[in-house]
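Overview (structure and organization)
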Amino acid sequence: MTSPRFDVLAIGNAIVDVMAPADDALLAKEGLTKGGMMLIDADRATSLYQAMGPAQEISGGSAANTLAGMAAMGCKCAFIGQVADDQLGEVFAHDVRALGIDYATPVRVGSEVPTARCLILVTPDGQRTMNTFLGASQFLPASALDAAMIQDAAVLYLEGYLWDPEEPRAAMRAAIDAARSAGRKVAFTLSDAFVIDRHRADFLDLLDKGQIDILFSNEAEICSLAEVDDFEAAVASVSAKLPTLVVTRSEKGAIAIHDGQRYAVAAEPIDKVVDTTGAGDLFAAGFLAGQAQGRDVETSLRMGAIAAAEIISHFGARSSADLKALVAQKLG
C-alpha cells in the first residue's frame, strides 16, 4: 500500500449545532426526553428554535466533531457530508475548512431542503437533549463520494446516525468497498441506541462479514447491539466479531478489546461536568489520533479520555483548549 494522504476520512451528517442552556421545565413543556436525540421535521425545528433561549451556532455533527478534535491534535483529516446552498451551509463549510480539514463535497442545489441543524438544549446538570433536523445531509448520494480520497485515508470513519436515510446508507456501503479495495481500515461509531434498534441486523452483518475494524460504542449501545442487559456479556459477544472494540463508560472510564486483549483507563478528573455534548465524539478523536501516531491501545484510550474530559468541562462540542498541548502535558 502507498502511504495515505489522510489519517482519517469521515463520512457523517453535515450539521450546524444550535446550542442553548435550558431548564427541566422547558424540556417538560416541549415534551422532550432529557439526554436523548430525536429526529424532527422542518416545522418542529422552527417552533423549537423559537422556544429556545439565546443560542450559539457552530458547525457540528458527530463525525465532524471527531475530525475537529483530531485536527487539533495534529492529524490530517478529510470529511464527506452534504449541505444545501444556503447560509448555514456556508457556515458549516467555512468552519470545517478553517480547522484544516479537507472538505469538498458538492452542495445540494435546486432543492428547498435546507442545511441540517441540531437544536441542543443543555440543562444545568450538563445533559444535552438533541433535536435534529437532518435536512440536506440525509440525501448524500454515492455520486458525491470521492473514491480516490477515501482510498487515500488510513482509516474510513463512519457515523452511525447517517445510516438511517437510504441514500447515505448506500453511499457508506460504497465507501466501505472503496476503503477495503485499498486495504484501508474501517471504523464505525454506533451513535445511539435508537439507531441500533432500527439497524441492528445491518450492523451485525457488517461485523460478521469483517467489514469493520474498529467499533466505538457506549455501555447502552453495546448492550443494545448484543441484545443483552449484562455489560460484560455484551462486550464478550461483540468483541469476538472484530479486531478492536472501544466502549466508553462515562465516569467509569473506557475499555478496549484489541485482538482479544482487554485494556482499560479511568475517566480523567474534572471539576464540573458542564455539557456532555460531543464527549463520545472527542473520545473517538483522541483514540484515533493515538492510533494514527502509532501509540499503543492503552495510550490511545488515555488520549480519548483526556479529549472527552476537556470537552465536557465547557459549553459546546469543540475544544476550547489546545488539545495537542493538553495531551502532551497529561501524558508527560
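Residues numbered from 1 in each chain as written. Predicted model: local features only at pLDDT ≥ 70, side-chain atom pairs only at ≥ 80, totals over all residues. Heavy atoms only, no water.

As recorded in an unreviewed UniProt entry, the chain goes by the name Adenosine kinase, listed as coming from Sphingomonas ursincola. In its Sequence similarities (unreviewed entry) section, the UniProt record describing the chain reads: "Belongs to the carbohydrate kinase PfkB family." (UniProt positions renumbered as here; feature names shortened; annotations may be inferred.)

The 9 strands are arranged β6-β5-β1-β9-β10-β11-β12-β13-β14 in an open sheet whose pairing can be described as mixed. With partners counted over all chains shown, the strands left at the sheet margins are β6 (102-103) and β14 (261-265), one partner each. Relative to β14, strand β13 (residues 254-258) runs antiparallel, the two being bridged by 5 bridges. Counted as the bridge partner of A254 is V265 from β14. Running at roughly 160° to strand β9 (residues 153-159), helix α6 (residues 166-181) makes contact with β1 (6-11), β9 and β10 (185-189) of the sheet. (Pairing = 2+ DSSP bridges. Helix = DSSP H or I, 4+ residues; strand = E, 2+ residues; numbered from the N terminus. Contact = heavy atoms within 4.5 Å. Axes fitted to C-alpha atoms, helices over the stretch in contact; angles between N-to-C directions.)

It is worth spelling out the pattern of salt bridges at this point. Under the counting rule described, the total for this entry stands at 16 salt bridges. Across the salt bridge formed by R262 and E232, the nearest N and O atoms sit 2.9 Å from each other. Separated by 30 residues along the polypeptide, R262 in strand β14 and E232 in helix α9 (residues 231-239) bring together distant segments of the chain. (Salt bridge = Lys/Arg side-chain N within 4 Å of Asp/Glu carboxyl O.)

This paragraph deals with the packing of aromatic side chains. In the structure shown here, the tally under the stated rule is 8 aromatic pairs. Measuring from ring centre to ring centre gives 5.8 Å for W163 and F188, while their planes differ by 75°; the resulting arrangement is edge-to-face. Here W163 is found in the loop between β9 and α6, whereas its partner F188 is found in strand β10, with 25 residues between them in sequence. Of the two residues, W163 and F188, both sit in the buried class. Aromatic pair F216 and F287: ring centres 5.8 Å apart, planes at 80°, arrangement edge-to-face. With a gap of 71 residues between them, F216 in strand β11 (residues 214-218) and F287 in helix α10 (residues 279-292) connect regions that are remote in the sequence. Since its relative accessible area comes to 5%, F216 is described here as buried. (Phe/Tyr/Trp six-rings, centres within 6.5 Å; stacked < 30°, edge-to-face > 60°. Buried < 20%, exposed > 50% of the residue type's maximum accessible area, 1.4 Å probe, protein only.)

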